[in-house]
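Residues per chain, in single letters:
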Amino acid sequence: LTRRQFIQIGGAAVGGGVVASGLASRWWGLDRNRVEDPGTDGDRVVASYCELCFWGCGVLAHVKDGRVTKVTGNPDHPLSKGRLCPRGAGATGLLYDPDRLKRPLVRTQKRGADVFEEVSWDAALNKVGEGLLELKRRHGPEALALFSHGSGGTWFKHFMKAWGSPNVGAPSYAQCRGPREAGYLLTYGTPLGSPEPIDLAHARVITLIGSHLGENMHNTQVQDLADAIGSGAQLVVVDPRFSVAASKARYWLPIRPGTDIALLLAWMNVLVEEKRCDAEYLAQHANGLEELKAHVAGKTPEWAAAITGVKAELIRDSARFIAAARPASLIHPGRHTTWYGDDTQRARAMAILAALLGSWGRRGGYLTFNKMGLPPYKVGKEMPHGGKGAADKPRNGGYPVAGEVIASGLCDAATPGHALYDLKGWMVYGCNLIQALPSRKQTIEAIQNLDLLVSIDVLPAEICGWSDVVLPECSYLEREDDVLAPPWREPFLALRQEAVPPLHESKPGWWIAKELAGRVGLGDYFPWKDAREYVDARLTLGRHDVAEARRRGVVLGKVGPVCEEEGLAIELGTDSKKIELHSEELKRLGFDPIPNYVPQEEGPAGHFRLLMGRAPTHTFGRTVNNRLLAEPYPENEVWVNAEAAKALPGFPGPLRNGERVWLVNQDGARSGPVRAKVTQRIRDDCVFLVHGWGQGAKRLRYAHGKGASDAELVTRYKVDPIMGGTGMSVNFVRLEPVGRTA
Ligand code: MGD
Ligand code: SF4
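All residue numbers refer to position in the chain's written sequence, counted from 1. Chain letters start at A and ligand numbers start at 1, both assigned in the order the entries are written. Since the coordinates come from a predicted model, pLDDT governs what is reported: local features require at least 70, and pairs of side-chain atoms require 80 or more to be given and counted, while whole-chain, interface and lining totals use all residues. Excluding hydrogens and water, the side-chain figures rest on all heavy atoms present in the structure.

Where do I start with the nonpolar core in this structure?
Note on soluble globular proteins: their nonpolar side chains tend to be buried together. Within this scheme, the nonpolar core is defined by two criteria: the residues are buried Ala, Val, Leu, Ile, Met, Phe, Trp, Tyr or Cys, and they are joined through side-chain atoms within 4.5 Å. The cut-offs for exposure are 20% and 50% of the maximum accessible area for each residue type, with area from a 1.4 Å probe on protein chains only; residues under the lower value are buried, those over the upper are exposed, and the others partly exposed. Ranked by size, the top nonpolar core spans 72 residues in total, and within it Tyr188, Trp267, Met268 and Trp360 carry the most contacts. Two residues form a contact once any of their heavy atoms are found within 4.5 Å. Residues contacting Trp360, with those up to four places away along its chain left out, are Tyr184, Tyr188, Thr190, Leu192, Tyr281, Ala354, Tyr366, Ile570 and Leu572. In terms of nonpolar packing, the next biggest core, distinct from the first, is built from 50 residues, Leu125, Leu452, Val535 and Ala549 among them.

What's the story with the domain arrangement of the chain in this structure? I'm lost.
Much of the literature gives interface size as the accessible area that the parts lose upon coming together. If you check the domain split of the chain, you get domain 1 (105–170 + 372–556), domain 2 (175–369 + 570–588) and domain 3 (608–737). The split into domains, and so the bounds of each, comes from an automatic or database assignment of domains. Taking only C-alpha atoms into account, the centre of domain 1 sits 31 Å from that of domain 3. On the domain 3 side, the residues contacting the 23 residues of domain 1 number 24 residues. Buried area is a sum: the accessible area each of two parts loses on coming together, probed at 1.4 Å, counted once for each and added. Of the roughly 1800 Å² buried at the junction of domain 1 and domain 3 (both faces included), carbon and sulfur atoms supply 53%. Of the charged contacts in the structure, one is a salt bridge between Asp114 and Arg699, with a shortest N-O distance of 3.2 Å. Polar contact is the term for a pair of N or O atoms within 3.5 Å; when the atoms are in protein, one must be able to donate a hydrogen and the other to accept it, and sequence-neighboring residues count only if both atoms are side-chain atoms. Our count for the domain 1 to domain 3 interface comes out at seven residue pairs in polar contact (both at pLDDT 80 or more). Counting from the N terminus, the helices are DSSP H or I runs at least four residues long and the strands are E runs at least two residues long. Of all elements in the fold, only helix H16 (433–436) and helix H17 (440–448) reach the threshold of two or more residues within the side of domain 1 that touches domain 3. Its residues placed into classes, the side of domain 1 that touches domain 3 shows 13 nonpolar, seven polar and three charged. One side-chain nitrogen of Lys or Arg within 4 Å of one carboxyl oxygen of Asp or Glu is enough to make a salt bridge. Charged residues are taken to be Asp, Glu, Lys and Arg, nonpolar residues to be Ala, Val, Leu, Ile, Met, Phe, Trp, Tyr, Cys and Pro, and polar residues to be all remaining types, Gly included.

Before we go on, may I ask you to explain the sheet that holds strand E10 (residues 251–253) in this structure?
By definition, the strands of a sheet pair up through backbone hydrogen bonds, in either a parallel or an antiparallel sense. DSSP-based pairing: two strands are paired if at least 2 bridges between them are found. Here four strands make up an open sheet; going across it, the order is E10-E9-E8-E12 and the pairing parallel. With one partner strand each, in any of the chains shown, E10 and strand E12 (329–331) form the two edges of the open sheet. Pairs of neighbouring strands in the sheet enclose a mean axial angle of 10 degrees, with direction left out of account. Two strands pair when backbone bridges link them, and strand E9 (residues 234–238) and E10 are joined in this way by three bridges, in the parallel orientation. When the bridges of E10 are listed, Val237 appears paired with Trp252. Axes here refer to lines fitted to C-alpha atoms; in helices the fit is confined to the stretch in contact. Angles between the N-to-C directions go from 0 to 180 degrees.

Is there a simple way to explain the sheet that holds strand E1 (residues 44–49) in this structure?
Within the open sheet, the three strands sit side by side as E1-E2-E3. Their pairing is antiparallel. Either end of the sheet is taken by a strand with one partner, and the two such strands are E1 and strand E3 (67–73). Geometrically, the sheet is characterised by an average inter-axis angle of 30 degrees between neighbouring strands, direction not taken into account. Two strands pair when backbone bridges link them, and strand E2 (residues 58–64) and E3 are joined in this way by six bridges, in the antiparallel orientation. Directly across from His62, in E3, lies its bridge partner Lys70.

How do you make sense of the packing of aromatic side chains when you look at a structure like this?
Two measures describe an aromatic ring pair: the distance that separates the ring centres and the angle between the ring planes. Classification of ring pairs uses Phe, Tyr and Trp, with its six-membered ring standing for Trp, and accepts pairs whose centres are within 6.5 Å; under 30 degrees between planes counts as stacked, over 60 as edge-to-face, and the remaining range as tilted. If you walk through the whole model with that rule in mind, you get 22 aromatic pairs. Pairing Trp121 with Trp511 gives two aromatic rings, centres 5.3 Å apart and planes at 85 degrees, and the pair type is edge-to-face. One end of the pair, Trp121, is in helix H5 (residues 121–139); the other, Trp511, is in helix H19 (residues 509–519), with 390 residues separating them in the sequence. Overall, the relative accessible area of 19% leaves Trp511 in the buried class. Centre to centre, the rings of Phe159 and Trp163 are 6.0 Å apart; their planes meet at 15 degrees, and the pair counts as stacked. Of this pair, Phe159 and Trp163 are both found in helix H6 (residues 154–163), four residues apart, which corresponds to roughly one turn of the helix. When sorted by exposure, Phe159 lands in the same class as Trp163, which is buried. Put simply, the rings of Trp155, Tyr377, Phe526, Trp528 and Tyr534 pair up and form one aromatic cluster. A cation over an aromatic ring shows up here: Arg67 above the ring of Tyr96, its NZ or CZ 3.9 Å from the ring centre. Two limits define a charge over a ring: the Lys NZ or Arg CZ must be within 6 Å of the ring centre, and within 35 degrees of the ring normal. The residue whose ring lies beneath Arg241 is Phe688, and the NZ or CZ to ring-centre distance is 3.9 Å.

Which parts of the structure should I look at to understand the site of ligand 1?
The environment of ligand 1 is formed by 31 residues, the closest being Asp239, Asp260, His336, Tyr340 and His618. For ligand 1, a nitrogen atom lies 2.6 Å from a polar atom in the side chain of Asp260. In the environment of ligand 1, an oxygen atom lies 3.1 Å from a nitrogen or oxygen atom belonging to the backbone of Arg335. Here the shell around ligand 1 takes three residues from strand E19 (residues 608–613), the largest share from any one element. Of the residues contributing to the shell around ligand 1, the split by class is 14 nonpolar, 10 polar and seven charged. Summary of the distance rule: residues count as near a molecule or strand when at least one heavy atom falls within 4 Å of that molecule or strand.

What's the story with the site of ligand 2 in this structure? I'm lost.
Neighbouring ligand 2 are Cys50, Leu52, Cys53, Trp55, Gly56, Cys57, Leu84, Cys85, Arg87, Gly88, Met217 and Asn219. Partitioned by chemical class, the residues of the shell around ligand 2 number eight nonpolar, three polar and one charged.

What is the right way to read the pairing of strand E8 (residues 205–209) from this model?
Judged by how many residues are buried, E8 sits mostly within the fold: five of five residues are covered. Here E8 shows no split at all, with Val205, Thr207 and Ile209 on one side and Ile206 and Leu208 on the other all buried. With strands facing away from the observer, any crossover in which the path from the first strand over the helix to the second runs clockwise is taken as right-handed. After leaving E8, the chain enters helix H8 (residues 219–230) and then returns to the sheet as E9, a path that is right-handed.

Explanation requested: the confidence of the model for the chain in the structure shown.
Interpretation of the predicted coordinates at a detailed level should be avoided for regions scoring low in pLDDT. The pLDDT averaged across the chain works out to 92; a share of 92% of its residues lies at or above 70. Low confidence marks residues 1–38, where pLDDT is under 50. Its contacts with residues over four positions away, or in another chain, come to 85 contacts. Confidence scores labelled pLDDT are given residue by residue by the predictor and lie between 0 and 100.

Help me understand the pattern of salt bridges, please; the structure alone is not making it clear to me.
Side chains that differ in charge, positive against negative, can pair when their charged atoms come close. Enumeration according to the criterion identifies 49 salt bridges in this entry. Taking the shortest distance from any N to any O, the salt bridge between Glu290 and Lys293 comes out at 3.8 Å. Taken together, the positions of Glu290 and Lys293, both in helix H11 (residues 289–296) and three residues apart, correspond to about one turn of that helix. The exposure class assigned to Lys293 is partly exposed, which follows from its relative accessible area of 34%. One salt bridge connects Glu585 with Arg588, and the closest N-O pair in it is separated by 3.9 Å. In this pair, Glu585 and Arg588 are both assigned in helix H22 (residues 584–588), three residues apart and thus about one turn of the helix distant. The structure contains a network of salt bridges with shared partners spanning Arg177, Arg180, Glu181, Glu196, Arg335 and Glu404.

As structure tokens, then:
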């Protein structure tokens, strides 16, 4: 199977138009051995890094007559390797979106009425500055929180340090990858971070447990996955839905949602009972093998079959298949892991399974990536707050293994009556909290109690409609930002550079933060003239060739060994310096030291469990208004099992493919109308929606009202007691007919 076939199938499965559309020529190299010629058809090419999601691929923006004509992958950049995913290729759809925020806005009616007047930058910044100073005077600096998602947020994080508040969070932790970070931290002594240090390219068997790579597009991972498949790697996919990856898999396990821990324990049972673990590796590196053996003793495939709905034979065969490829048998850790409230334990189970396979620290498994250091800009003034967040002042509601500030905790802390209540102001950079936090009702209640809500955004997202002041940032193609230097196999520094000047009256984040700082007496903490001078100073201090870095957009570091096979000894970050199969820390904290399966609550009769995921051409709500990306996937659909669709309560006859339905949850919350995708590719106890649609923001003229919002249907959530993640797959919906026209 070639990359092209894999991607074609992926595209066809989720929106056949993609492959046929104009996007296809910009989407990946069409031959996997050849990088498309990035030669410009314009006046010049500007190297930068992408912000259509948070992966950070290197791009080349081609500019002609002052307009960006196309965006291609930077061949020199280790994350893009000359290719972009469809979202990255569609960046001009954001740059030239007619609905962009054009001028600063100040609210003129009650919050949520979405009525604003356009004002000058001076007026808007003065208003925010006065509001901030009043907040500080009345409640102290820590009454301000920042929600920040995206690399431009670094300027506002810097502002928060100067201001003196540790309350900086993002939904990407407690509403996304947090449980995984906690699970791996407890097991190996280190969280995974982003990009995940996994070796998809060299794995011989890749096990995806509810990770729908191919629809979930992290460019480098999908490239590596396609390459691995092309060179004979096999997939095992555990998903209630026949995902694109499942359609390529040797084994697909259509699991009952919420029962993965039972399956993982049964897989461990087979490995242990049949002596298929890496005994030598475990003897050298792990603690608690005997306790683990005793724990999984009765947890046979037959036991798990009754729970998971997956045949015992399939569980046994797939366990043997996974074990046969060890250590190059990769259990993908997943990323969006806040499902059922027991998610740290599920992540622990995955981490333990990886240890039994001996894949931590080994080729084809988990690697140790390196980061390129870069000296900081010399501010010359000590920061009032180190900004260590959760570790500094617990904004984590007492969840003992929370490694970052809990965004939902910041919401709690703005809700009167809550034990942590002391927040009075929010700055929101690039997060649509209305869709991103669980329980919209609580988010709005918190907002209504704030003294000040400021949002900084490119588009008029729903959160802007609730803000007091809206500050329009320019898109990433119109601005400079800080250097990006994540840990990676080939360490690198990447530059964000302005391809074209800001459109309308939008401004870059660095400018907004600096101007605000000046208005609240913190100008000394922003001594740089502009972001370019800031970045060049850091590069110069790091002894890099600034002109060359700007030309290539990337500085490559020295590649060192990343796994045992390359000579890197396996070192664990736990206190015991061993892999904690049995976690003493969890035991001390009063939690199960080895994961246990605990049944999830079932939904009411006639309801389906609501599951969510991604589509290849969209990054949740950030791209739904992008006309280019809407071409292949204009709105989401609700996946409904074909058998179940034949006799839905309240429907006069079978639900037809393409028919519009309302989704109504167990508490009466309603979303839609949304088209039904009637398919055999999903179990009959759940339905599936791609996240991001059902936008209530009227100023998003294209996306407004299209599809259904899963967030609107998440009225309940189950908190992970270990790290505070909000499990959101605990809601159930029934379908209601709308009409008979497709
Ligand atoms: P989810 O979105 O939760 O996580 O991507 P993933 O880490 O893959 O995964 C959804 C899959 O899990 C679906 O296939 C669903 O059917 C399955 N599933 C649901 N419940 C269960 C269950 O109980 N058990 C099992 N085994 N499977 C289950 C998210 C990731 O994607 C993230 S966090 C981000 S921020 C990125 N966002 C993003 C995007 O917005 N767009 C695109 N195109 N790609 C993206 N990549 C990243
Ligand atoms: Fe951009 Fe796609 Fe890379 Fe994300 S994965 S940074 S959207 S090219």
